[in-house]
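Letter by letter, the chains look like this.
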Amino acid sequence: MKQRSRALAKSSLLLPSLALLPAALLSALLAPAVAMSQWQQQQYAWGGVAGVLGLWRAGLLACYAWGAGAHMLEIVFSERVVMAAADDPQPTGPLLAALQHPDPIVQDWCLMDLASVAEGAPGAASRRAAIWADETGANGWLPISRYCLAELRDFVGVLAAALPSLQGAAAAGSGVKWNALQLSAAGGKPASSAQDAALWHLQARYCRLVWCMRSLSGLAADAFTADRYGVLHFSSPGLGDVLAAQLGVVAVLTAFIRHSSSIAVRPASAAARLLQRLSSAGSGGACANGGPQQHVDAAACALLDTAKTCTYRLTNTYGEVLASVVVKYKPLVGTVGEAQVLLDSFLAHQQ
């Protein structure tokens, strides 16, 4: 906070001063000293100084308000909420309580903190070890994994409902209502409600899904050396459930992006076409291999990258052992054979 306060004070003083210094110099150089009397010159000089000072005070206030707002937003978006101190005797208690909180914002703070702890944030070693300290898993792994897996399974179900080609995932009854019209291939006709729900989940739940995948994969990788009681391997949900969820997210996002990129969107108006071109210049082309795909959502591409990264964290930690694990669990989408093929591509580093 001290560093932020010093930076705020420096920027508030420096910016208006640098901006008004040329104006003050020009005011002094262009003063008509010949055509005015001494009293008039004094009045002109004092008026110029007062004007510059007034502008400087206004600039100072504007820069301070702008800088203060920017620093507060930076704190909100970059400073994670730490649910427990490193020396807390029960570090998982506040985290588990926050996951059950009715406010989704508190749950998001908890998931952000959990993801940092799972991935080995500085000073979080004792908190991560406390998750595996309970041999039953009731005060650590089990409630955390159930919550995160429920989020991922619900997401996979919503996206699978929008893709008729995918089988094996039931549509989640989340009751999501989306108030925007998504143009279909017919041009001007709204897409199905299942597609609207899928787009809503991609946008609104992006951060939550990323934190859940990071938490599950980070804790599963940490259990390879830290799980003394074998909680991850002998409890349910376990390693196989995490692997099935990660592969399901990768499979459904890959199918969703492929399906979206195959639809030729034809906006109904010239303004819609211009808006589509502008929006696709920085996002849509990143998902396709041949030409820009204006209708593919950038969140789907970013979420797929995160899902692949988290899956690689599992395969790089456990290796070929996962090949015997994946056949024992029902995949969220597709068949067991398709899940095996997808896992083999990760083990061969082909994704």
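What you are looking at is a predicted structure, and each value in this text was computed from that prediction instead of being measured. (Residues numbered from 1 in each chain as written. Predicted model: local features only at pLDDT ≥ 70, side-chain atom pairs only at ≥ 80, totals over all residues. Heavy atoms only, no water.)

A. Geometry of the overall build of the protein. In terms of regular secondary structure, the protein is built from 14 helices and zero strands. Taking all 351 residues of the protein together, the buried fraction comes to 40%. Restricting the contact set of the protein to residue pairs at least 6 apart, pairs at least 24 apart contribute 76%. Counting only carbon and sulfur atoms, one obtains 62% of the accessible surface of the protein, whose full area is about 19100 Å². (Helix = DSSP H or I, 4+ residues; strand = E, 2+ residues; numbered from the N terminus. Buried < 20%, exposed > 50% of the residue type's maximum accessible area, 1.4 Å probe, protein only. Contact = heavy atoms within 4.5 Å. Areas by Shrake-Rupley, 256 points an atom, 1.4 Å probe, with all protein chains shown as cover.)

B. Geometry of the pattern of salt bridges. Under the criterion given, the structure shown has nine salt bridges. When the shortest N-O distance is used, the salt bridge between R214 and E119 registers 2.8 Å. Linking R214 in helix α8 (residues 206-226) with E119 in the loop between α4 (104-118) and α5 (125-131), this pair joins segments that are 95 residues apart in sequence. Classification of R214 by relative accessible area gives partly exposed; the value is 22%. By relative accessible area, which is 34% here, E119 ends up partly exposed. The structure contains a network of salt bridges with shared partners spanning D108, E151, D154, R205 and R208. (Salt bridge = Lys/Arg side-chain N within 4 Å of Asp/Glu carboxyl O.)

C. Representation of helix α14 (residues 336-347). Taking 1.5 Å of rise per residue, the twelve residues of α14 would be expected to cover 16 Å, and the 16 Å separating its terminal C-alpha atoms lies within 8% of that figure. All of the buried residues in α14 are A339, L342, L343, S345, F346 and L347. The elements touched by buried residues of α14 are α10 (239-261), α12 (298-318) and α13 (321-326). Residue H349 follows α14 closely and has a positive phi angle near 55 degrees. (Expected span 1.5 Å × (residues − 1).)

D. Examining the packing of aromatic side chains more closely. Taken as a whole and judged by the stated rule, the model has three aromatic pairs. Between W132 and W141, the aromatic rings sit 5.5 Å apart at their centres with planes inclined by 25 degrees, giving stacked as the arrangement. An identical accessibility class is assigned to W132 and W141; each is buried. Relative to Y318, the ring of F224 has its centre 5.3 Å away and its plane inclined at 90 degrees; by these criteria the two rings are edge-to-face. Of the two residues, F224 sits in helix α8 while Y318 sits in helix α12, which places them 94 residues apart along the sequence. Take Y318: its relative accessible area is 9%, and that puts it in the buried class. (Phe/Tyr/Trp six-rings, centres within 6.5 Å; stacked < 30°, edge-to-face > 60°.)

E. Structural view of the side chain of R205. Within the element layout of this structure, R205 appears in the loop between α7 (193-204) and α8. Side chain to side chain, R205 and E151 meet in a polar contact 2.5 Å long. In this view, R205 contacts E151, D154, F155 and W200; residues no more than four positions away in its chain are not counted. (Polar contact = N/O pair within 3.5 Å; in protein donor to acceptor, adjacent residues only side chain to side chain.)

F. Broad picture of the nonpolar core. Among the nonpolar cores identified, the biggest contains 73 residues, and W141, I144 and L253 are the most heavily contacted of them. Other than its neighbours up to four places away in sequence, I144 contacts L95, L96, L99, L114, I131 and L219. (Core = buried A, V, L, I, M, F, W, Y, C linked by side-chain atoms within 4.5 Å.)

G. Just the packing of α4 against helix α6 (residues 141-161), in detail. It is the contact of α4 with α6, at a shortest axis distance of 13 Å, that shows an interaxial angle of 110 degrees. With respect to their mutual orientation, α4 and α6 come out roughly perpendicular. Classified by chirality, the crossing of α6 by α4 is left-handed. Along its contact with α4, which presents Q107, L111 and L114, the element α6 presents I144, Y147 and C148. Here the residues of the contact of α4 with α6 sort into five nonpolar, one polar and no charged. (Axes fitted to C-alpha atoms, helices over the stretch in contact; angles between N-to-C directions. Parallel < 35°, antiparallel > 145°, perpendicular 65-115°, else oblique. Left-handed = near helix turned anticlockwise from the far one by under 90°. Nonpolar A, V, L, I, M, F, W, Y, C, P; charged D, E, K, R; others polar.)

H. View of the confidence of the model for the protein. When pLDDT is averaged along the protein, the result is 76; 64% of the residues meet or exceed 70. Summarising per-element confidence for the protein, the mean pLDDT is lowest in helix α1 (residues 2-29) (64) and highest in α8 (93). pLDDT under 50 marks residues 167-190. Its contacts with residues more than four places away, or in other chains, come to 45 contacts. Segment residues 282-294: pLDDT under 50, and 14 contacts once partners within four positions in sequence are set aside and those in other chains are kept. (pLDDT = per-residue confidence, 0-100.)

I. Quick look at the environment of L239. On the secondary structure map, L239 appears in helix α10. For the pair L239 and S217, spaced 22 residues apart in sequence, the C-alpha separation works out to 9.4 Å. Aside from chain neighbours lying at most four places away, what touches L239 is A220, L232, H233, Y318 and L322.

J. Here's a closer look at α6. The end-to-end C-alpha separation of α6 is 30 Å, in line with the 30 Å expected for 21 residues at 1.5 Å each. Across the 21 residues that make up α6, a large majority, 15, are buried.

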